[in-house]
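So you can see what is in the structure, the chains are spelled out below.
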Amino acid sequence: MTTQLACEEKTVELNGLRFHYSDWPSRQPGAPTLLLLHGYTGHARSWDAFAELMTDRYRVIALDQRGHGETGWAAPDQYLNAHMVSDVREFVAALGLEDFALLGLSMGGRVAIHYAGERPEGLAKLVIVDIGPETVASGAARIQAGAQTADVFDSPDEAWAQQRASNPRPPEANHRYRVEHNLMQTDDGKWTWRYDKALRDPSNPRPRPTTEEGWAAVRNINVPTLVLRGELSDILAADIAQHMADEIPDARLIEVKDSGHSIPLDRPDEFAEAVRTFL
């Protein structure tokens, strides 16, 4: 019989901000680390079930990226990809991570691509989840429009209903868990999202790396890499995913059936199986 070790909620000061992260000890002594980066509007707690599953092989760390979850909020103009890559660089150094695997979803995947493209010492494996140097315009517009819908609610149930209407695909319990851990109560008793409003403010654009910069980073990745694409994704086109796998010397591509962009949420079992097999 194995004993599950409790997750520890920790903080660290990096680049002038207080960062929160969840740290899951491994059930295997001396196990390497798996570092998880969530997507835009996401948070570290969205990885809880997956993290617990992976503790038989890894120490698992889920980081709240700047402006998200319980991490501090930055100035509105300091949410660029370069800032987030710097955060990962500083986080790895602060924790002294070596021989670790990095997994990034969507926004976190873009951060992971550009971090790995620097060929940092200590990075052993990479998982890129449904993001690439080029994105489908309609999908990007959908995400931006969704982030700018009503963001103040009378109750968590109202927030849940909005999110479920926008994506009925995920297992309901998983979806509700993600939503409820992404809410905070305001002084007037209402509820709103637990990430910086500047991130969903259309008057505060956040330029992304250029297509050329993205492909340059992809081509410079030198660790074994898994590219995961949702079969129904409206963000990562099939040909771009294949091109990424072709450009990275040691890469494989897996397409997850019946999943949209948010593969860990839409198809958690299939996602976990693909990652476990690769790692």
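Counting from 1, residues in each chain are numbered in the order their sequence is written. Whole-chain, interface and lining totals are the exception, using all residues; otherwise, since this is a predicted model, local features are given only for residues with pLDDT of at least 70 and side-chain atom pairs are given and counted only at 80 or more. Here the side-chain values reflect all heavy atoms present in the structure, with hydrogen atoms and water set aside.

A. Just the environment of serine 106, in detail. Relative to the helices and strands, serine 106 resides in the loop between strand E5 (100-105) and helix H3 (107-116). Only protein chains enter the accessibility calculation, which uses a 1.4 Å probe; a residue whose area is less than 20% of its type maximum is buried, one above 50% is exposed, and one in between is partly exposed. Relative accessible area serves as the criterion here: at 12%, serine 106 is assigned to the buried category. What serine 106 contacts, discounting residues up to four positions off in sequence, is Gly39, Val129, Asp130, Ile131 and His261. Segments assigned H or I by DSSP are reported as helices when at least four residues long, segments assigned E as strands when at least two residues long, and all are numbered from the N terminus. By the convention used here, residues are in contact when the closest approach between their heavy atoms is within 4.5 Å.

B. View of the nonpolar core. In terms of nonpolar packing, the biggest core is built from 52 residues, with Leu35 and Leu102 touching the most fellow members. With six residues, H3 is the largest single contributor of residues to this core. Core analysis: the second largest hydrophobic core is formed by 26 residues, Phe50, Ala51, Leu103 and Val127 among them. Nonpolar core, defined: a set of buried Ala, Val, Leu, Ile, Met, Phe, Trp, Tyr and Cys residues in which side-chain atoms within 4.5 Å join the residues together.

C. View of the sheet that holds strand E10 (residues 225-230). At least two DSSP bridges between two strands are needed for those strands to be called paired. Reading across from one edge, E1-E2-E4-E3-E5-E6-E10-E11 is the order of the eight strands in this open sheet, with mixed pairing throughout. Edge positions in the sheet fall to strand E1 (8-14) and strand E11 (251-256), since each of these pairs with one other strand and no more. Along the sheet, successive strands turn relative to each other by an average axial angle of 20 degrees, direction set aside. Taken together, the six bridges between E10 and E11 define a ladder with parallel strand orientation. The residue of E11 that forms the bridge with glycine 230 is valine 256. Structural elements are reduced to axes, namely lines fitted to C-alpha atoms, with helices fitted over the stretch in contact, and the angle between N-to-C directions of any two is expressed from 0 to 180 degrees.

D. Examining the environment of glutamine 185 more closely. Looking at the element boundaries, glutamine 185 is found in strand E8 (residues 183-185). Taking the C-alpha atoms as reference points, glutamine 185 and methionine 54, 131 residues apart in sequence, are found 32 Å from one another. Among all residues touching glutamine 185, those that are not within four sequence positions of it are Lys190 and Trp191. Among the polar contacts listed, one links the side chain of glutamine 185 to the backbone oxygen of glycine 189, at a separation of 3.2 Å. Contacts described as polar in this section are N or O atom pairs within 3.5 Å, which, within protein, must combine one atom able to donate a hydrogen with one able to accept it, while residues neighboring in sequence count only if both atoms come from side chains.

E. How the structure looks around helix H6 (residues 172-180). Within H6 the residues assigned to the buried category are His175, Arg178 and Val179. The buried residues of H6 occupy an angular sector of 100 degrees when projected down its axis, which confines them to one face. Of the surrounding secondary structure, the elements contacted by the buried residues of H6 are helix H5 (156-166), E8, strand E9 (191-193) and helix H9 (263-266). This arc describes the spread of directions from the helix axis toward the C-beta atoms.

F. Spatial organisation of the pairing of E10. With respect to burial, E10 is a largely interior element, six of its six residues being buried. Burial along E10 is two-sided: Thr225, Val227 and Arg229 facing one way and Leu226, Leu228 and Gly230 facing the other are all buried. By the bridge criterion, four bridges tie strand E6 (residues 123-129) to E10 in an arrangement that is parallel. Bridged to isoleucine 128 within E10 is valine 227. Convention used here: a crossover is right-handed provided that the path from the first strand, over the helix, to the second strand proceeds clockwise when the strands point away from the viewer. After leaving E10, the chain enters helix H8 (residues 238-247) and then returns to the sheet as E11, a path that is right-handed.

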